[in-house]
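Descriptive analysis of the structure
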Amino acid sequence: VDLDPVGGAQNRATCRAMRPEPAAKEAAWSLALADDQDWRMAQAHARGLWMPGQEDIMTGYRDRYFGGALPALAGREPRVMRSLARLLYPSTLVSPATLAASRASPEASERSEQLQVIVLEQEAILRSVLAARSAVRRPDLS
């Protein structure tokens, strides 16, 4: 399994993380952030976490991202840190609460420049999605 040339172990990790079960999400979150995890496997676990339709299961991970994941990623190799910071961002929790959480987290002023750039870029994407959703909901008054 470890020598699988087509990424079977990574695909299985992503698929397990995609399951809409709290235990699957917790395991994937922990494995994505584990210090001893191979970076490819960490990405595979992270890749399956944020699935549309699973927002109820994942709501608590918003605070865990800003309060725990970002500080844990700060010491990682830059490429791994950037990738995991993007993959673990609460991208399916499209709400003003997610934008507020990213600005209000106590660690915001202590983030490295690289992490700050990633959070700002994810915020910009989130703002675009919120704007698009509100534009679609406006009735045509013409």
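Residues numbered from 1 in each chain as written. Predicted model: local features only at pLDDT ≥ 70, side-chain atom pairs only at ≥ 80, totals over all residues. Heavy atoms only, no water.

**Observations concerning the overall build of the protein**
Along its length, the protein carries 7 helices and 0 strands. Listing the helices and strands of the protein from first to last along the sequence gives α-α-α-α-α-α-α. Looking at the protein as a whole, 41% of its 142 residues are labelled buried. Put simply, 73% of the contacts in the protein that link residues at least 6 apart link residues at least 24 apart. Surface summary for the protein: the accessible area is close to 8,000 Å², and the carbon and sulfur share equals 57%. (Helix = DSSP H or I, 4+ residues; strand = E, 2+ residues; numbered from the N terminus. Buried < 20%, exposed > 50% of the residue type's maximum accessible area, 1.4 Å probe, protein only. Contact = heavy atoms within 4.5 Å. Areas by Shrake-Rupley, 256 points an atom, 1.4 Å probe, with all protein chains shown as cover.)

**Regarding the packing of aromatic side chains**
Taken as a whole, this structure holds 4 aromatic pairs when the rule is applied. With a centroid separation of 4.9 Å and an interplanar angle of 85 degrees, the aromatic rings of tyrosine 65 and phenylalanine 66 are classed as edge-to-face. Each member of the pair tyrosine 65 and phenylalanine 66 is classed as buried. Both rings, one in tyrosine 65 and one in tyrosine 89, keep their centres 5.5 Å apart while their planes meet at 85 degrees; by these two values the pair is edge-to-face. (Phe/Tyr/Trp six-rings, centres within 6.5 Å; stacked < 30°, edge-to-face > 60°.)

**Let's talk about the pattern of salt bridges**
As enumerated under the stated definition, the model contains 8 salt bridges in all. Notably, a salt bridge pairs arginine 79 with glutamate 77, separated by 3.7 Å at the nearest N-O pair. Residue arginine 79 is classed as partly exposed on the basis of its relative accessible area, which comes to 44%. A single salt-bridge network, built from bridges that share partners, covers Arg103, Glu123 and Arg127. (Salt bridge = Lys/Arg side-chain N within 4 Å of Asp/Glu carboxyl O.)

**A few points about the environment of leucine 49**
Summarising the element assignment, leucine 49 is placed in the loop between α3 (39–47) and α4 (55–73). Look at leucine 49 and you get buried, because its relative accessible area is 0%. Once the C-alpha coordinates of leucine 49 and leucine 88 are considered, the two residues, 39 residues apart in sequence, prove to be 7.5 Å apart. Discounting residues that sit within four places of it in the chain, leucine 49 has contacts with Ala17, Lys25, Ala28, Trp29, Gln54, Met58 and Leu88.

**Notes on helix α2 (residues 22–33)**
With 12 residues, α2 ought to run about 16 Å at 1.5 Å a step, and its terminal C-alpha atoms sit 17 Å apart, in line with that. Within the sequence span of α2, burial applies to Ala24, Lys25, Ala28, Trp29, Ala32 and Leu33. Considered in projection along α2, the buried side chains sweep an arc of 150 degrees and stay on one side of the axis. (Expected span 1.5 Å × (residues − 1). Arc of directions from axis to C-beta.)

**Some details on the nonpolar core**
Judged by nonpolar contacts, the single largest core of 30 residues is most densely connected at Trp29, Tyr65 and Leu88. Elements that contribute at least two residues to this core include exactly α2, α3, α4, α5 (78–88), α6 (96–104) and α7 (113–137). Broken down by element, the residue count for this core peaks at 7 residues, all from α4. (Core = buried A, V, L, I, M, F, W, Y, C linked by side-chain atoms within 4.5 Å.)

**Some remarks on the confidence of the model for the protein**
Looking at the protein, the pLDDT average stands at 89 and 88% of residues meet or exceed 70. Mean pLDDT per element in the protein: α6 is the minimum at 88, and α2 is the maximum at 98. (pLDDT = per-residue confidence, 0-100.)

**A look at α6**
In an α-helix there are 3.6 residues to a turn, and that puts residues three or four apart on one side. Thr98, Leu99, Ala101 and Ser102 are the residues of α6 that are buried. In a view along the axis of α6, the buried residues occupy a sector of 160 degrees, so they form one face of it. In α6, the exposed positions angled more than 90 degrees off the buried face are occupied by Pro96 and Ala104.

**Some words on the packing of α3 against α5**
It is at 9 Å that the axes of α3 and α5 come closest, and there the two elements cross at 10 degrees. As the angle between them shows, α3 and α5 are arranged roughly parallel. The segment α3 lies against α5, with Trp39, Ala42, Gln43, Ala46 and Arg47 engaging Arg79, Val80, Ser83, Leu84, Leu87 and Leu88. Grouping the constituent residues of the contact of α3 with α5 by class yields 7 nonpolar, 2 polar and 2 charged. (Axes fitted to C-alpha atoms, helices over the stretch in contact; angles between N-to-C directions. Parallel < 35°, antiparallel > 145°, perpendicular 65-115°, else oblique. Nonpolar A, V, L, I, M, F, W, Y, C, P; charged D, E, K, R; others polar.)

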